[in-house]
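# What the coordinates show
Listed below are the residues making up each chain.
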Amino acid sequence: MDIGDIGLKIPLVFKCVAYFKNFTILNKSDMKILVVGGTGLTGRLVTNKLEKLGHKVVIGSSSQGVNILTGEGLQEALTGTEIVIDLSNSSSPEGENALQFFETAGKNLVKAELNASVKHHIVLSIVGTDDALEIGYLRAKKLQEDTIKNSGIPYTIIRSTQFHEHVEAIIQVQGEGDKVFVSNLDYQPIALDDVAEFIVQFSLEEPKNNTIEIAGPRRGKMEAFVSEYIQITGQDKKVIIDNENKYMHFVVPTSLLVPAGQYSVGQVLFEDWALETFKS
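Structure report, in brief. (Residues numbered from 1 in each chain as written. Predicted model: local features only at pLDDT ≥ 70, side-chain atom pairs only at ≥ 80, totals over all residues. Heavy atoms only, no water.)

## Structural notes on the overall build of the protein
We apply this condition: Each helix corresponds to a stretch of at least 4 residues labelled H or I by DSSP, and each strand to a stretch of at least 2 residues labelled E; elements are numbered beginning at the N terminus. Note on classification: 1.4 Å probe, protein chains only; a residue is buried when its accessible area is under 20% of the maximum for its type, exposed when over 50%, partly exposed between these limits. The method behind every accessible area is Shrake-Rupley, applied with a 1.4 Å probe, and residues are considered shielded solely by the protein chains displayed.
Helix and strand counts for the protein come out as eight helices and 15 strands. Looking at the protein as a whole, 53% of its 280 residues qualify as buried. Surface accessibility of the protein: about 12,500 Å² in total, with carbon and sulfur atoms responsible for 50%.

What follows is the structure in structure tokens.
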């Protein structure tokens, strides 16, 4: 996933102390749940956690005979399904490609879910989507959000900050030789496992019919996270601070990548994740 001043934004944080102890199960412990994009990194984690809780998970991917772009296998997969978790993504982040993907997939999902009387639809989206719609991919994610909002299907939209793993993409895309050019943007990445925990938690609760946000436990400047990761992993690179507020070559608001208000916070610290990644 690619894509708010800290002193002006003091969020009320909800600490997630025990993910599965204090939330209301939507219905029962053996529901049929369709995970669209269930073969991806996030999808595999979500599927594993749901199955451990006793739910029947159907993987929504073309490799499993479910194609959300053509509709093939979708109605069959939704028969008896109570919850749909949409972790789908376009083959390219390029604006027109992403817009076409989410428009087509959204229409097919909504039509099939209405026919199947799905009780809860969850979308994984991105913190800051509303604040940089000049970026084609975020415009496409907003279309995905609005499609389910306007569908009449009970829903929860989960907007996440960037994953810890995304720091590698920053280094690759914004790097030139042994230098990495990083702006002083606000940054609050979250561990992929925390994201999966939150998806499972909120999918099994009653639909919010609203947008909620999740983020990691530590907020700082992007250059500090990138520098720390480079140091921990022993990379022979130097971070050059760029004050143009560029992110993946786009000029963005300073606090685009962090929550603006209330949010739920993950548990895994960035430095712990980086150390574990380096060891493995």
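## Describing the packing of aromatic side chains
Both the distance between ring centres and the angle between the ring planes are used here to describe each pair of aromatic rings. Selection criterion: Here is the rule: rings of Phe, Tyr and Trp (six-membered ring for Trp) pair when centre to centre is within 6.5 Å. Planes less than 30 degrees apart are stacked, more than 60 are edge-to-face, and the remainder are tilted.
For the structure shown, the criterion picks out eight aromatic pairs. Geometrically, the ring pair formed by phenylalanine 102 and tyrosine 137 is edge-to-face, given 6.4 Å between the ring centres and 65° between the ring planes. Highlighted residues: phenylalanine 102 in helix α3 (residues 95–116) and tyrosine 137 in helix α4 (residues 136–149), separated in sequence by 35 residues. The same class applies to phenylalanine 102 as to tyrosine 137, namely buried. Look at phenylalanine 270 and tryptophan 273: their rings are 5.6 Å apart centre to centre, the planes differ by 40°, and that puts the pair in the tilted class. Of the two residues, phenylalanine 270 and tryptophan 273 are both situated in helix α8 (residues 270–279); the distance of three residues between them amounts to about one turn of the helix. For the pair shown, phenylalanine 270 and tryptophan 273 are each scored as buried. In textbook terms, an aromatic cluster arises when at least three aromatic residues are bridged by ring pairs, as seen for Tyr187, Phe225, Tyr229, Phe270 and Trp273.

## Side note on the sheet that holds strand β8 (residues 179–183)
The condition that has to hold: Strand pairing is assigned whenever DSSP detects at least two bridges linking the two strands. Working rule for contacts: check all heavy atoms of both residues, and any pair within 4.5 Å makes them a contact. Lines fitted to C-alpha atoms define the axes here, with helix axes fitted over just the stretch in contact, and angles between the N-to-C directions of these axes take values from 0 to 180 degrees.
The three strands are arranged β7-β8-β12 in an open sheet whose pairing can be described as mixed. Looking at strand neighbours, the two that pair on one side only are β7 (175–176) and β12 (238–242), the edges of this open sheet. Here five bridges tie β8 to β12, and the two strands are oriented parallel to one another. Paired with lysine 179 across the strands is lysine 238, a residue of β12. With respect to the sheet, helix α7 (residues 222–233) is in contact with β8 and β12, its orientation differing from that of β8 by roughly 150°.

## Observations concerning the side chain of histidine 121
Mapping histidine 121 onto the fold places it in strand β5 (residues 120–126). With residues near it in sequence (within four places) discarded, histidine 121 still touches Val84, Asp86, Leu109, Glu113, Ile148, Ile153, Pro154, Tyr155 and Thr156.

## A word on the nonpolar core
What counts here: Put simply, buried Ala, Val, Leu, Ile, Met, Phe, Trp, Tyr and Cys residues joined by side-chain atoms within 4.5 Å make one nonpolar core.
One finds Leu34, Leu74, Ile170, Met222, Val226 and Tyr247 to be the most contacted residues of the largest nonpolar core, which totals 45 residues. Here valine 226 is in contact with Val167, Ile170, Ile171, Val180, Val182 and Val239, once residues within four sequence places are set aside. In terms of nonpolar packing, the next biggest core, distinct from the first, is built from 25 residues, Ile33, Ile59, Val195 and Val200 among them.

## With respect to empty space enclosed by the protein
To be explicit about the condition: A pocket here means an open set of points on a 1 Å grid, computed over the protein atoms alone, that has protein on both sides within 12 Å along at least five of seven lines. A cavity is instead a set of points where a 1.4 Å probe fits but cannot get out; residues with an atom within 4 Å of a point line either one. Grid points are joined across faces, edges and corners, and a volume is the space filled by probe spheres set on the points. Polar here means any residue other than Ala, Val, Leu, Ile, Met, Phe, Trp, Tyr, Cys and Pro, which are nonpolar, and Asp, Glu, Lys and Arg, which are charged; Gly is therefore polar.
What the largest cavity holds in volume is close to 100 Å³. In this structure, the largest cavity is lined by 13 residues; those nearest its centre are Asp86, Ala105, Gly106, Leu109 and Gln144. Every element with two or more residues in the lining of the largest cavity is listed here: α3, β5 and α4. For the lining of the largest cavity, the element with the highest residue contribution is α3, accounting for five residues. When grouped by side-chain class, the residues that make up the lining of the largest cavity number seven nonpolar, five polar and one charged.

## Topic: unusual backbone geometry
Of note in this structure, serine 117 is not a glycine but carries a positive phi near 55°. Mapping serine 117 onto the fold places it in the loop between α3 and β5. Serine 117 gets classed as exposed once you look at its relative accessible area, which sits at 54%. You will see that asparagine 245, though not glycine, has its phi angle at about 55°, which is positive. With respect to the secondary-structure elements, asparagine 245 resides in the loop between β12 and β13 (246–247).

## What to know about the pairing of strand β3 (residues 56–60)
The criterion, for reference: Here, the term right-handed applies to a crossover whose path from the first strand over the helix to the second runs clockwise when the strands point away from the viewer.
Of all five residues that make up β3, four are buried, and the element is covered over most of its length. Running through helix α1 (residues 41–52), the crossover from strand β2 (residues 32–36) to the neighbouring parallel element β3 is right-handed.

## Focus on the packing of α1 against helix α6 (residues 192–204)
Inclusion rule: Every angle not falling under 35 degrees, over 145, or within 65 to 115 is termed oblique; those three ranges are roughly parallel, roughly antiparallel and roughly perpendicular. In a left-handed crossing the near helix is turned counterclockwise from the far helix by less than a right angle, and in a right-handed crossing that turn is clockwise.
Following both chains from N to C, one finds α1 and α6 inclined at 55°, their axes separated by 9 Å at the closest point. Between α1 and α6, the interaxial angle falls into the category oblique. Judged by the sense of rotation from one axis to the other, the crossing of α1 with α6 is right-handed. For the pair α1 and α6, contact is made by Leu41, Thr42, Leu45, Val46, Lys49 and Leu50 and by Leu192, Asp193, Val195, Ala196, Glu197, Ile199, Val200, Ser203 and Leu204, respectively.

## With respect to the packing of α7 against α8
Orientation of α7 relative to α8, taken along the N-to-C sense of each, is 30°, at an axis distance of 9 Å. Judged by the inter-axis angle, α7 sits roughly parallel to α8. The way α7 lies across α8 gives a crossing that is right-handed. In this structure, α7 contributes Phe225, Glu228, Tyr229, Ile232 and Thr233 to the contact, and α8 contributes Phe270, Glu271, Trp273, Ala274, Leu275, Thr277 and Phe278. Residue composition of the contact of α7 with α8, grouped by class: eight nonpolar, two polar and two charged.

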